[in-house]
Amino acid sequence: MGLGRAYSVALVGLNGYIVEVEADIGQTLPAFVILGLPDASLNEAKERIRSAAQNSGIPLSRRKITANLIPASLPKRGSGFDLAITMSVLRAANDIRSTERTVFISELGLDGRLRPVRGILPAVMAAVQAGYPDIVVAQANAAEAQLVPGARVRGYKTLARLAFDFGADPQELALDFEPEDEEPCDPEDAARPTPDMSDVSGQGDARRALEVAAAGAHHLLLTGPPGAGKTMLAERLPGLLPDLGDTEAMEVTAIHSLCSLPSASAQLVRRPPFENPHHSATSAAIIGGGSGLPRPGAASRAHRGVLFLDEAPEYERRVLDALRQPLESGELVIHRSAGTAAYPARFQLVLASNPCPCGKASGKGLDCTCTPMMRRRYVARMSGPLLDRVDIQLEVERVSLAEFGQSGGEEDTRTIAARVGAARNRQSERLLPFGMETNSQVPGRVLRGILRLPAPTTRILDHSLERGVLTARGYDRVLRLAWTLADLGERGSPDSNDIGQALALRQAATSAAA
């Protein structure tokens, strides 16, 4: 009997930390103790491990077993440590050969089956970055783990087969037990078909605004009566966005690995995600949080994609205002008593709102039953600081009978997406020296510095700032919109017409609401 050692990974947010699992078999009365800040699910591993080892033909020692998870100050949670604890105990009993430098991440079933766990992709990424490329996971997690470059992944179905490969005596092992293969859930197959822009009748201004938003990764507010097509337009925005690059796809897949069912990620997520939470969702559901270590919310799941808040004034105001930080920084840092977690959250925000509680205040508003005070209170649920961060604010009118009767004359998603992709390419070439990709990321010091436009071009914008129509932040955001309009028009820099159009796109909904 001696000291056994194996390795696993503890996740705090998307950050993974190597955990050294030590096991010692003492000479005292039978017991099983796990040290190192384990949570309730990890403390329950003791009975799972004993049953799994017994049913695999390699019963654990009846003496006192002490498993220590290092560093002891780091909180550990979840069932993914089951396998590492088991292998360290078997090594301490000399039932298997050395497990040094091998990372084990899997839950154990009572029958000795290796079960998949969430968060495999970020855990394997952390292990490889820490210099531990040899990874053992459940067979159902193997495809996801192999997405990480440099990882040497081995997937197993049972503890008996794993112990055999690590030198256990084959005469006692239950090697004849072969569980049925689990059907992996492919997110690409499970996704709904992407809706097409050709389904939208009329709405020329809104379609143009959607194209501009996609080209520059700008945030968007659509205000209009029920049935005008706000939700229909928002659902088609992800189809206009280009595919994710390797780095972005790895980030998105890592977040979805934490949130989705185990073994759900068999390949990288290449399409921008689309999140549409209900207006009754809590702050923890949208921003992230929960008991214990905080988990990602809809804002993080929409990373590199679209977060759509339909009926935006119906959300709690504190939920909407909590989005102000990630809109600027592209990251959510959530503090809880159990620890702090940081999740990426660089998404495009799309807000949809009725003009008033009854929804009939658009146009002449002859049928509206709301008082002016009711309208102001309704619109005021979206705070000024939040709306100041939304680049495009557009009033969506009802579709006329002539427009509604037309069919087949509208551009489809593929045609518009081609223009968006070309505009994105021009942006990436221009912004490459600054380490940025889209116009929405360009800070004011660059817009008013190297990319400064001539005074005659920005005259109308300067006057808006002087009169207090625009804030300094709004000034910069109009400039970003103007650069996007120039990219779509294949011009080297914005002209005064681009500035005017950008200013109109930003002020349309606010002026209508007023």
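Scope of this entry: the structure provided in the associated data block. (Residues numbered from 1 in each chain as written. Predicted model: local features only at pLDDT ≥ 70, side-chain atom pairs only at ≥ 80, totals over all residues. Heavy atoms only, no water.)

In this section: the overall build of the protein chain. When helices and strands are counted, the protein chain shows 23 helices and 18 strands. Dimensions of the protein chain along its principal axes, counting C-alpha atoms only, are 85 × 50 × 45 Å. By residue count, 50% of the 514 residues in the protein chain fall in the buried class. In the protein chain, once contacts between residues fewer than 6 apart in sequence are set aside, the share between residues at least 24 apart is 73%. (Helix = DSSP H or I, 4+ residues; strand = E, 2+ residues; numbered from the N terminus. Buried < 20%, exposed > 50% of the residue type's maximum accessible area, 1.4 Å probe, protein only. Contact = heavy atoms within 4.5 Å.)

What follows concerns unusual backbone geometry. Between Ile70 and the following residue, Pro71, the backbone shows a cis peptide bond with an omega angle of 5 degrees. By the secondary structure assignment, Pro71 is in the loop between β4 (64–70) and α3 (82–92). Although it is not a glycine, Asn94 sits at a positive phi angle of roughly 60 degrees. According to the relative accessible area criterion, Asn94 is exposed, its value standing at 52%. Phi at Glu311 is positive, roughly 50 degrees, even though this residue is not glycine. You can call Glu311 partly exposed: its relative accessible area is 27%.

As for its placement among the helices and strands, Arg477 is situated in helix α22 (residues 472–488). Setting aside anything within four residues of it in sequence, one finds Arg477 in contact with His219, Glu328, Asp388, Arg389, Asp391 and Arg506.

In this section: the nonpolar core. The biggest cluster of nonpolar side chains holds 48 residues, and the ones touching the most others in it are Leu210, Val212, Val350, Ile392, Leu461 and Leu479. Take this core: its biggest share by element is 8 residues, from α22. The residues touching Leu210, leaving out its near neighbours within four places in the chain, are Met197, Leu220, Leu233, Leu237 and Leu240. Membership of the second largest hydrophobic core comes to 44 residues, among which are Leu60, Leu114, Phe166 and Leu173. (Core = buried A, V, L, I, M, F, W, Y, C linked by side-chain atoms within 4.5 Å.)

Turning our eyes to something else, we now look at the pattern of salt bridges. Scanning all chains against the criterion turns up 29 salt bridges. Two residues, Arg473 and Asp388, come together in a salt bridge whose shortest N-O distance is 3.0 Å. Of this pair, Arg473 sits in helix α22 while Asp388 sits in the loop between α17 (384–387) and β18 (392–395), and the two are 85 residues apart along the sequence. For Asp388, a relative accessible area of 13% gives the class buried. A salt bridge links Arg419 to Glu411; its shortest N-O distance comes to 2.8 Å. Given the relative accessible area of 28%, Arg419 is considered partly exposed. Overlapping salt bridges, with partners in common, bring together Glu328, Asp388, Arg389, Asp391, Arg473, Arg477 and Arg506 in one network. (Salt bridge = Lys/Arg side-chain N within 4 Å of Asp/Glu carboxyl O.)

Right, let's get into the environment of Gln393. Its location among the elements puts Gln393 in strand β18. On a C-alpha basis, the gap between Gln393 and Phe166 in space is 62 Å, while along the polypeptide they are 227 residues apart. A distance of 3.1 Å separates the side chain of Gln393 from the backbone oxygen of Val390, its partner in a polar contact. (Polar contact = N/O pair within 3.5 Å; in protein donor to acceptor, adjacent residues only side chain to side chain.)

This paragraph deals with the sheet that holds strand β11 (residues 274–275). The strand order across the open sheet formed by 5 strands is β11-β14-β17-β10-β18, and the pairing between neighbours is parallel. Either end of the sheet is taken by a strand with one partner, and the two such strands are β11 and β18. In this sheet, strand β14 (residues 306–309) lies alongside β11 in parallel orientation, the contact comprising 2 bridges. Looking at the pairing, Phe274 lines up with Val306 of β14. (Pairing = 2+ DSSP bridges.)

Close contact between helix α8 (residues 204–216) and helix α19 (residues 413–431) brings their axes to 8 Å; oriented N to C, the two are set at 35 degrees. Where α8 crosses over α19, the two elements pack in a sense that is right-handed. Each of Arg207, Glu211, Ala214, Ala215 and Gly216 in α8 lies in contact with α19, whose residues at this interface are Ile416, Arg419, Val420, Ala423, Arg424 and Gln427. Considered class by class, the residues forming the contact of α8 with α19 number 5 nonpolar, 2 polar and 4 charged. (Axes fitted to C-alpha atoms, helices over the stretch in contact; angles between N-to-C directions. Left-handed = near helix turned anticlockwise from the far one by under 90°. Nonpolar A, V, L, I, M, F, W, Y, C, P; charged D, E, K, R; others polar.)

The subject of this paragraph is the packing of α19 against α22. At a minimum axis distance of 8 Å, the contact between α19 and α22 shows a crossing angle of 120 degrees. Pair α19 / α22 crosses with right-handed handedness. Seen from α19, the contacting residues are Arg419, Ala423, Arg426, Gln427 and Arg430; seen from α22, they are Trp483, Asp487 and Leu488. A per-class count over the contact of α19 with α22 returns 3 nonpolar, 1 polar and 4 charged.

What follows covers the pairing of strand β5 (residues 102–105). Residues Thr102 and Phe104 line one face of β5 and the alternating positions Val103 and Ile105 line the opposite face, and both faces are buried. Across 4 bridges, the pairing between β5 and strand β8 (residues 134–138) is parallel. Looking at the pairing, Ile105 lines up with Val137 of β8.

A word on helix α4 (residues 120–129). Structural remark: α-helix, 3.6 residues per turn; residues separated by three or four positions point the same way. The buried count for α4 comes to 7 of 10 residues, which makes it a mostly enclosed element. Where α4 is concerned, the buried positions are Ile120, Leu121, Pro122, Ala123, Val124, Ala126 and Ala127. In this fold, the buried residues of α4 make contact with β1 (3–12), β2 (15–25), β5, β8, α5 (139–145) and α11 (246–259). One or two residues past the end of α4 sits Gly131, with phi positive at roughly 90 degrees.

With 10 of 11 residues buried, α3 lies mostly within the body of the structure. Listed as buried for α3 are Asp82, Leu83, Ala84, Ile85, Thr86, Met87, Ser88, Val89, Leu90 and Ala92.

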